[in-house]
Amino acid sequence: MPAESLNHYTIQARDMEKTKDFYCDIVGLTVGARPPLNFPGYWLYCGGTPVVHLLGYQSHQKIIPDGPSYPADTGRLDHIAFSCVGLKEMRATLNNAGLAFEERVLPRLNMTQLFYHDPDGIAVECNFPAHET
């Protein structure tokens, strides 16, 4: 029985509200329905699918010893990628937010990729179709 699609990824956010705002204001996700779980969090939606789950701090958890200058170790996770449209607008959004980003154009495919980091130090990749390059 093979996997059919990626369901979601979960972030134990350092600052849940700041991380939620980042994914909504910068990436373009929306806050959506979430079951009445007994811990704080958000489900963030992309095209009707809850793809990013945010977990807030719970008193029984160990505090993650990190900060903006030394983000939590994410192990072998390198980055999260989204298919996007609106390259020009995304560049402006990132510049207006003061976020550093790297831009690459994929050889042969001519797709543009923008790479930047979320408030928790997780790398985000946005892929734009060739006709926007």
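Every value quoted in this text rests on a predicted model; they were computed, and no experiment measured them.

### Notes on the pattern of salt bridges
The tally for this structure, following the rule as stated, stands at 4 salt bridges. Linking Asp21 and Lys20 is a salt bridge whose minimum nitrogen-to-oxygen distance equals 2.8 Å. For Lys20, a relative accessible area of 14% puts it in the buried group. Between Glu103 and Arg91 there is a salt bridge, with its nearest N and O atoms 2.8 Å apart. In this pair, Glu103 is assigned in strand 6 (residues 102-105) and Arg91 in helix 2 (residues 87-96), connecting sequence segments 12 residues apart. Its relative accessible area of 35% is what places Glu103 among the partly exposed residues. Its relative accessible area of 27% is what places Arg91 among the partly exposed residues.

### A closer look at the pairing of strand 5 (residues 79-83)
Successive side chains on a regular strand alternate, one facing one side of the sheet and the next facing the other. Only one face of strand 5 is buried: it carries Ile80 and Phe82, and the other face, with His79, Ala81 and Ser83, is open. Here strand 5 pairs with strand 8 (residues 123-128) via 5 bridges, running parallel. Paired with His79 across the bridge in strand 8 is Ala123.

### Examining the sheet that holds strand 8
Strand order in the open sheet formed by 4 strands is 5-8-7-6, and the pairing between neighbours is mixed. Two strands in the sheet have a free side with no partner beyond their single neighbour: strand 5 and strand 6. Strand-to-strand twist in this sheet, taken as the mean axis angle between neighbours without regard to direction, amounts to 20°. Here strand 6 runs beside strand 7 (residues 112-117); their pairing, made up of 4 bridges, is antiparallel. Pairing of Glu103 across the sheet is with Leu114, part of strand 7. Seen against the sheet, helix 1 (residues 16-27) touches strand 5, strand 7 and strand 8 and runs at an angle of roughly 155° to strand 7. Across the face of the sheet, helix 2 comes into contact with strand 6, strand 7 and strand 8 while running at roughly 20° to strand 7.

### A closer look at the sheet that holds strand 3 (residues 41-46)
Strand order across the open sheet formed by 4 strands is 1-4-3-2, with mixed pairing between neighbours. Either end of the sheet is taken by a strand with one partner, and the two such strands are strand 1 (9-12) and strand 2 (30-32). Direction aside, neighbouring strands of the sheet carry axes that sit 35° apart on average. Relative to strand 3, strand 2 runs antiparallel, the two sharing 3 bridges. Looking at the pairing, Gly32 lines up with Trp43 of strand 3. Together, strand 1, strand 2, strand 3 and strand 4 (49-55) form the strand contacts of helix 1, whose direction differs from that of strand 3 by roughly 5°.

### A look at the packing of aromatic side chains
According to the stated counting rule, one finds 2 aromatic pairs in the structure shown. By the ring-pair criterion, three or more aromatic residues cluster together here, those being Phe22, Tyr23 and Tyr116. The ring of Tyr42 carries Lys20 above its face, with NZ or CZ at 5.4 Å from the centroid.

What counts, and where the lines are drawn
- Residues numbered from 1 in each chain as written.
- Predicted model: local features only at pLDDT ≥ 70, side-chain atom pairs only at ≥ 80, totals over all residues.
- Heavy atoms only, no water.
- Salt bridge = Lys/Arg side-chain N within 4 Å of Asp/Glu carboxyl O.
- Buried < 20%, exposed > 50% of the residue type's maximum accessible area, 1.4 Å probe, protein only.
- Helix = DSSP H or I, 4+ residues; strand = E, 2+ residues; numbered from the N terminus.
- Pairing = 2+ DSSP bridges.
- Axes fitted to C-alpha atoms, helices over the stretch in contact; angles between N-to-C directions.
- Contact = heavy atoms within 4.5 Å.
- Phe/Tyr/Trp six-rings, centres within 6.5 Å; stacked < 30°, edge-to-face > 60°.
- Lys NZ or Arg CZ within 6 Å of the ring centre and 35° of its normal.

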